[in-house]
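Coordinate analysis (summary)
What follows is the residue order along each chain.
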Amino acid sequence: MNIVNIAIKEIKREFRDVRTLVFMLAFPIVLMLILGTALSNAFDSTISVGDIHVLYKDKTAGEFSKYVRTFIEEAKKSDIHFKKASYHMDGRREVKQGNYDGYMEIDNQGVQLYTNNSNSVKGSIIQGMVAAFADKYNMVAAVVQVKPNQVHMLMNNGHRDDYIQETPLHSKRQPGAMDYYAITMTTMIALYGAVSASYLIRGERTRKTADRLLAAPIHKSEIFIGKILGSMVTNFLCVAIIIVFSKFVFKAYWGNHLALVYLVVFTEVLFAVSFGLGISYIARTEGAAKMIVMVVIQLASFFGGAYFKIEATSTIARLITNLSPLTWANTAITKMIYANDLSASFPAMLLNVGLSALFLLIAGMSLTRREGL
């Protein structure tokens, strides 16, 4: 019961502090809004090539004109516009002069395509679409010579394109600017819990309340556990509010496994509190503890991609970024959201819990050796 009372007291004290509400709630939300809005273009992976114009001639004497028209109508939906060339028009010359992006000529021998090399992207798009049509056209042309009465059935029912099922290794959906910063601001502010945790015990000594706690009928371990629980609940509630706010106000995408996302963030909060508490015992002075915690958080935020994406290309750069706790959490959450890779959460949680146990062991051993708190 003493542990619960101490935890509740710690939660009330934190939420009564206006600085806690401003820094742990307003700061990440405002930063998320600014970065997510200002850098939205940097996360836009959509490439627009504009309309594509193709000239064509149909020399099949009307045998396949109906199917050609169907193909042209479908291509128009993808902004590929076909124009029928007049009899005297030289299609290849028109493409060479840059008046059209491609020229398609259909006859009884097959389909011939000419593209403008000045725009390889448009040329590739035309080639891919026409190649699919040409395969079907050549097959129909072969059937016409053997069983002309089977052409209609072949064009409507005989061809299937679902024999091969395609499964992408990379998610088709990619995070936008607001999605990215919703994740990184959440994990960054969870790590900032180490700042308040560094004052958990040292603050009692500063406020001259440590002696009163020791004089009360409470064991040291109860004080220790109660204050840790109170700090964890406070920081986790702030992080949970940020996630909910970003999801419903900023419309950030958090995927279909929000409970597991919360679990990963919870282990990061545990690590932050344990780290801050451990450093408060390792450092000799309050100023030194604060400096160490702030330097570690800033470096972890920078190399963890909190402010902008970091593409680590060299071995040393990858090693540095992988040392950041934000990298562990951001990678795990991103894979869960956009690749449905639930197993990605386990390495991050194990690292957070393992390092938390180490810092809590250091803090616990230091507490038992001290006469006071």
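Residues numbered from 1 in each chain as written. Predicted model: local features only at pLDDT ≥ 70, side-chain atom pairs only at ≥ 80, totals over all residues. Heavy atoms only, no water.

The name recorded for the chain in an unreviewed UniProt entry is ABC transporter permease, from Geobacillus thermodenitrificans. UniProt lists a comment for the chain under the heading Sequence similarities (unreviewed entry), and it reads "Belongs to the ABC-2 integral membrane protein family." Quoted straight from UniProt, the Subcellular location (unreviewed entry) entry for the chain says "Cell membrane". (UniProt positions renumbered as here; feature names shortened; annotations may be inferred.)

On to the packing of helix α7 (residues 177–191) against helix α11 (residues 220–248), then. Taken N-terminus to C-terminus, the directions of α7 and α11 make an angle of 170°; their axes are 10 Å apart at the nearest point. Relative to α11, α7 is oriented roughly antiparallel. On α11, the residues that touch A182, T186, I189 and A190 of α7 are V239, I242, I243 and S246. Along the lines of polarity and charge, the residues of the contact of α7 with α11 split into six nonpolar, two polar and no charged. (Axes fitted to C-alpha atoms, helices over the stretch in contact; angles between N-to-C directions. Helix = DSSP H or I, 4+ residues; strand = E, 2+ residues; numbered from the N terminus. Parallel < 35°, antiparallel > 145°, perpendicular 65-115°, else oblique. Contact = heavy atoms within 4.5 Å. Nonpolar A, V, L, I, M, F, W, Y, C, P; charged D, E, K, R; others polar.)

It is worth spelling out the layout of surface pockets at this point. Within this model, the second largest pocket holds a volume of roughly 590 Å³. Along the wall of the second largest pocket there are 18 residues; nearest its centre are D17, R19, V195, S196 and Y199. Taken together, the residues of the lining of the second largest pocket sort by class into six nonpolar, six polar and six charged. (1 Å grid on protein atoms, 1.4 Å probe; cavity = no way out; pocket = protein on both sides within 12 Å on 5 of 7 lines; lining within 4 Å. Points joined across faces, edges and corners; volume = space filled by probe spheres on them.)

Here we take up the environment of D101. Within the secondary structure layout, D101 lies in the loop between α4 (91–96) and β3 (102–107). Through-space distance from the C-alpha of D101 to that of D51 is 9.7 Å; in sequence the pair is 50 residues apart. Those residues within four positions of D101 in sequence are excluded, and the remaining contacts are D51, I52, H53, V95, Y114, T115, N116, K122 and I126.

Under the feature "transmembrane region" (unreviewed entry), the UniProt entry names residues 21–43, 180–202, 223–245, 257–279, 291–310 and 346–367. Helix makes up 78% of residues 180–202 and strand makes up 0%, while its end C-alpha atoms are separated by 36 Å. The span residues 257–279 is 96% helix and 0% strand, and its two end C-alpha atoms sit 33 Å from each other.

Where α11 contacts helix α16 (residues 345–369), the two axes come as close as 11 Å, and the packing angle between them is 145°. Note that α11 runs across α16; the crossing there is right-handed. Contacts between α11 and α16 involve K220, F224 and I228 from the first element and L360, A363, G364 and L367 from the second. Class assignment of the residues belonging to the contact of α11 with α16 gives a composition of five nonpolar, one polar and one charged. (Left-handed = near helix turned anticlockwise from the far one by under 90°.)

On to α16. Compared with the 36 Å implied by 1.5 Å per residue over 25 residues, the 36 Å span of α16 between its first and last C-alpha is a close match. Where α16 is buried, its residues contact α11, α12 (258–282) and α15 (325–339). (Expected span 1.5 Å × (residues − 1).)

Attention now goes to a nonpolar patch on the surface. The grouping of M291, I292, V295, V296 and L299 at the surface amounts to a nonpolar patch, some 420 Å² of accessible area in total. For I292, the location among the structural elements is in helix α13 (residues 286–303). (Patch = residues over 30% accessible without salt bridge, like charges linked within 9 Å, V, L, I, M, F, W, Y side chains within 5 Å. Areas by Shrake-Rupley, 256 points an atom, 1.4 Å probe, with all protein chains shown as cover. Salt bridge = Lys/Arg side-chain N within 4 Å of Asp/Glu carboxyl O.)

Glancing now at the pattern of salt bridges. Side chains bearing opposite charge may pair, as long as their charged atoms lie close to each other. Taken as a whole and judged by the stated rule, the model has three salt bridges. Taking the shortest distance from any N to any O, the salt bridge between E10 and R13 comes out at 2.7 Å. Within this pair, E10 and its partner R13 are both found in helix α1 (residues 2–16), separated by three residues, close to a single helical turn. According to the relative accessible area criterion, R13 is partly exposed, its value standing at 28%. (Buried < 20%, exposed > 50% of the residue type's maximum accessible area, 1.4 Å probe, protein only.)

Inspection of the secondary structure assignment puts M89 in the loop between β2 (80–84) and α4. Accessibility expressed as a relative area gives 23% for M89, which makes it partly exposed. C-alpha of M89 to C-alpha of L55: the two residues are 34 residues apart in sequence and 10.0 Å apart in space. Discounting residues that sit within four places of it in the chain, M89 has contacts with L55, K57 and E94.

This brings us to the packing of aromatic side chains. Per the stated rule, a full pass over the model turns up 14 aromatic pairs. With a centroid separation of 5.3 Å and an interplanar angle of 5°, the aromatic rings of F23 and F27 are classed as stacked. Note that F23 and F27 are positioned in helix α2 (residues 18–38) at a spacing of four residues, about one turn of the helix. Relative accessible area serves as the criterion here: at 32%, F23 is assigned to the partly exposed category. Classification of F27 as partly exposed rests on a relative accessible area of 31%. Grouping aromatic residues by their ring pairs yields a cluster made of F271, F275, W328 and F359. (Phe/Tyr/Trp six-rings, centres within 6.5 Å; stacked < 30°, edge-to-face > 60°.)

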